[in-house]
Amino acid sequence: MDAASTCFCSESDFCSDCGSVLPPPGVQDTVTCLNCGHRTQVTEFLGKYVQRSIMFNKLDTIALSDESDETGALKGPLIDRRCSRCGCEKMVYHTRQMRSADEGQTVFYTCVQCRFQEKEDS
Ligand SMILES: [Zn+2]
Ligand SMILES: [Zn+2]
(Lines give C-alpha, C1' and ligand atoms only; values in the text may rest on other atoms or scores of the structure.)
(Ligands and ions follow the chains in the order given, each with its own letter.)
Protein backbone atom coordinates (compact mmCIF):
# COMPACT_ATOMS: atom_id res chain seq x y z
CA MET A 1 0.00 0.00 0.00
CA ASP A 2 2.06 2.88 -1.30
CA ALA A 3 -0.57 5.53 -0.58
CA ALA A 4 -0.78 4.60 3.09
CA SER A 5 2.95 4.66 3.68
CA THR A 6 3.29 8.01 1.90
CA CYS A 7 0.54 9.41 4.06
CA PHE A 8 2.25 8.16 7.18
CA CYS A 9 5.66 9.61 6.36
CA SER A 10 4.73 13.09 5.17
CA GLU A 11 2.57 15.34 7.26
CA SER A 12 2.17 17.90 4.47
CA ASP A 13 1.86 18.02 0.73
CA PHE A 14 4.37 19.90 -1.33
CA CYS A 15 4.06 22.16 -4.34
CA SER A 16 5.11 20.26 -7.46
CA ASP A 17 6.57 23.48 -8.87
CA CYS A 18 8.74 24.92 -6.10
CA GLY A 19 8.61 22.24 -3.42
CA SER A 20 7.32 24.44 -0.60
CA VAL A 21 4.69 23.18 1.82
CA LEU A 22 1.10 23.64 0.67
CA PRO A 23 -1.65 24.84 3.01
CA PRO A 24 -4.31 22.24 3.91
CA PRO A 25 -7.21 22.03 1.43
CA GLY A 26 -10.18 24.18 2.32
CA VAL A 27 -13.57 24.64 0.68
CA GLN A 28 -12.08 25.37 -2.74
CA ASP A 29 -11.26 22.84 -5.42
CA THR A 30 -7.66 23.89 -5.60
CA VAL A 31 -4.89 24.64 -3.14
CA THR A 32 -2.69 27.58 -4.05
CA CYS A 33 0.99 27.51 -3.19
CA LEU A 34 1.79 30.41 -0.88
CA ASN A 35 5.25 30.69 -2.36
CA CYS A 36 4.83 30.61 -6.14
CA GLY A 37 1.06 30.65 -6.68
CA HIS A 38 0.99 27.23 -8.38
CA ARG A 39 -2.41 25.56 -8.03
CA THR A 40 -2.88 21.90 -7.13
CA GLN A 41 -6.20 20.12 -7.55
CA VAL A 42 -7.60 19.05 -4.19
CA THR A 43 -8.72 15.77 -5.71
CA GLU A 44 -5.06 14.76 -5.81
CA PHE A 45 -5.10 15.00 -2.03
CA LEU A 46 -8.35 13.17 -1.37
CA GLY A 47 -6.93 9.67 -1.40
CA LYS A 48 -4.51 10.58 1.35
CA TYR A 49 -7.12 12.22 3.52
CA VAL A 50 -9.45 9.23 3.22
CA GLN A 51 -6.60 6.95 4.29
CA ARG A 52 -5.99 9.12 7.33
CA SER A 53 -9.59 9.16 8.49
CA ILE A 54 -9.76 5.37 8.22
CA MET A 55 -6.74 5.14 10.51
CA PHE A 56 -8.32 7.48 13.04
CA ASN A 57 -11.47 5.38 13.00
CA LYS A 58 -9.45 2.30 13.80
CA LEU A 59 -7.87 4.06 16.77
CA ASP A 60 -11.29 5.17 17.99
CA THR A 61 -12.57 1.61 17.85
CA ILE A 62 -9.68 0.35 19.92
CA ALA A 63 -10.15 3.09 22.50
CA LEU A 64 -13.86 2.34 22.75
CA SER A 65 -13.39 -1.37 23.28
CA ASP A 66 -10.92 -0.66 26.08
CA GLU A 67 -13.49 1.50 27.76
CA SER A 68 -16.21 -1.12 27.56
CA ASP A 69 -13.86 -3.56 29.29
CA GLU A 70 -13.54 -1.11 32.15
CA THR A 71 -17.30 -0.72 32.30
CA GLY A 72 -17.56 -4.49 32.65
CA ALA A 73 -15.44 -4.27 35.80
CA LEU A 74 -18.08 -1.96 37.29
CA LYS A 75 -20.75 -4.64 37.42
CA GLY A 76 -22.51 -4.73 40.73
CA PRO A 77 -25.41 -3.20 42.62
CA LEU A 78 -25.92 0.48 41.90
CA ILE A 79 -26.62 2.60 44.94
CA ASP A 80 -27.29 6.23 45.77
CA ARG A 81 -24.03 7.37 47.21
CA ARG A 82 -22.26 10.63 46.59
CA CYS A 83 -18.79 10.33 45.17
CA SER A 84 -16.49 12.44 47.31
CA ARG A 85 -14.39 13.33 44.29
CA CYS A 86 -16.82 14.39 41.55
CA GLY A 87 -20.14 14.63 43.44
CA CYS A 88 -21.85 12.05 41.22
CA GLU A 89 -24.78 10.43 43.08
CA LYS A 90 -24.39 6.90 41.75
CA MET A 91 -21.83 4.37 42.82
CA VAL A 92 -21.44 0.65 42.33
CA TYR A 93 -20.41 -1.47 45.26
CA HIS A 94 -19.04 -4.89 45.90
CA THR A 95 -17.97 -6.58 49.11
CA ARG A 96 -14.91 -8.56 49.87
CA GLN A 97 -14.52 -10.87 52.83
CA MET A 98 -11.29 -10.34 54.68
CA ARG A 99 -9.09 -13.29 55.54
CA SER A 100 -10.26 -13.62 59.10
CA ALA A 101 -13.99 -13.88 59.73
CA ASP A 102 -13.52 -11.67 62.80
CA GLU A 103 -12.55 -8.73 60.62
CA GLY A 104 -15.88 -8.70 58.88
CA GLN A 105 -16.11 -7.59 55.29
CA THR A 106 -14.99 -4.53 53.45
CA VAL A 107 -17.31 -2.73 51.06
CA PHE A 108 -15.77 -1.15 48.01
CA TYR A 109 -17.57 1.69 46.25
CA THR A 110 -16.73 2.75 42.72
CA CYS A 111 -18.04 5.97 41.22
CA VAL A 112 -19.75 5.25 37.89
CA GLN A 113 -18.65 8.61 36.53
CA CYS A 114 -14.99 9.11 37.47
CA ARG A 115 -14.16 5.58 38.70
CA PHE A 116 -13.07 6.92 42.07
CA GLN A 117 -12.87 4.10 44.62
CA GLU A 118 -13.66 4.24 48.29
CA LYS A 119 -13.70 1.42 50.79
CA GLU A 120 -15.57 1.11 54.02
CA ASP A 121 -15.20 -1.50 56.73
CA SER A 122 -18.48 -2.81 57.99
ZN1 LIG B 1 5.04 26.56 -5.34
ZN1 LIG C 1 -16.91 10.41 40.97
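Residues numbered from 1 in each chain as written. Chains lettered and ligands numbered in written order. Predicted model: local features only at pLDDT ≥ 70, side-chain atom pairs only at ≥ 80, totals over all residues.

What follows is about the confidence of the model for the chain. Per-residue pLDDT for the chain averages 74, and the proportion of residues at 70 or more is 63%. Per-element averaging of pLDDT across the chain places helix 1 (residues 2–9) at the bottom with 43 and strand 3 (residues 78–80) at the top with 94. Counting interchain partners and residues more than four positions distant, the pLDDT-below-50 stretch residues 3–11 has seven contacts. The model gives residues 64–71 a pLDDT under 50, and that stretch makes zero contacts with residues more than four places away or in other chains. (pLDDT = per-residue confidence, 0-100. Helix = DSSP H or I, 4+ residues; strand = E, 2+ residues; numbered from the N terminus. Contact = placed C-beta atoms within 7 Å.)

For a regular strand, side chains alternate in direction, first toward one face of the sheet and then toward the other. Where strand 3 meets strand 4 (residues 90–97), three bridges bridge the pair, whose relative direction is antiparallel. Each bridged residue has a counterpart across the sheet, and for Leu-78 the counterpart in strand 4 is Val-92. Two strands pair when backbone bridges link them, and strand 4 and strand 5 (residues 105–111) are joined in this way by seven bridges, in the antiparallel orientation. By the bridge assignment, Met-91 is partnered in strand 5 with Cys-111. (Pairing = 2+ DSSP bridges.)

Another aspect to go through is the sheet that holds strand 4. Spatial strand order, 3-4-5-6: four strands in an open sheet with antiparallel pairing. What marks the edges here is a single partner per strand, and that holds for strand 3 and strand 6 (117–121). Put simply, the sheet's adjacent strands are angled 35° from each other on average, direction ignored. (Axes fitted to C-alpha atoms, helices over the stretch in contact; angles between N-to-C directions.)

A few words on unusual backbone geometry. Positive phi, close to 65°, is recorded for Arg-115, a residue that is not glycine. Tracing the backbone through its elements, the reader meets Arg-115 in the loop between strand 5 and strand 6.

Summarising the element assignment, Cys-88 is placed in the loop between strand 3 and strand 4. Residue class for Cys-88 comes out partly exposed when judged on the 15 C-beta atoms lying within 10 Å of it. Separated by 26 residues in sequence, Cys-88 and Cys-114 place their C-alpha atoms 8.4 Å apart. Ignoring sequence-local partners within four residues, the contact set of Cys-88 consists of Cys-83, Cys-111, Val-112, Gln-113 and Cys-114. (Buried ≥ 20, exposed ≤ 12 C-beta atoms within 10 Å, placed from the backbone.)

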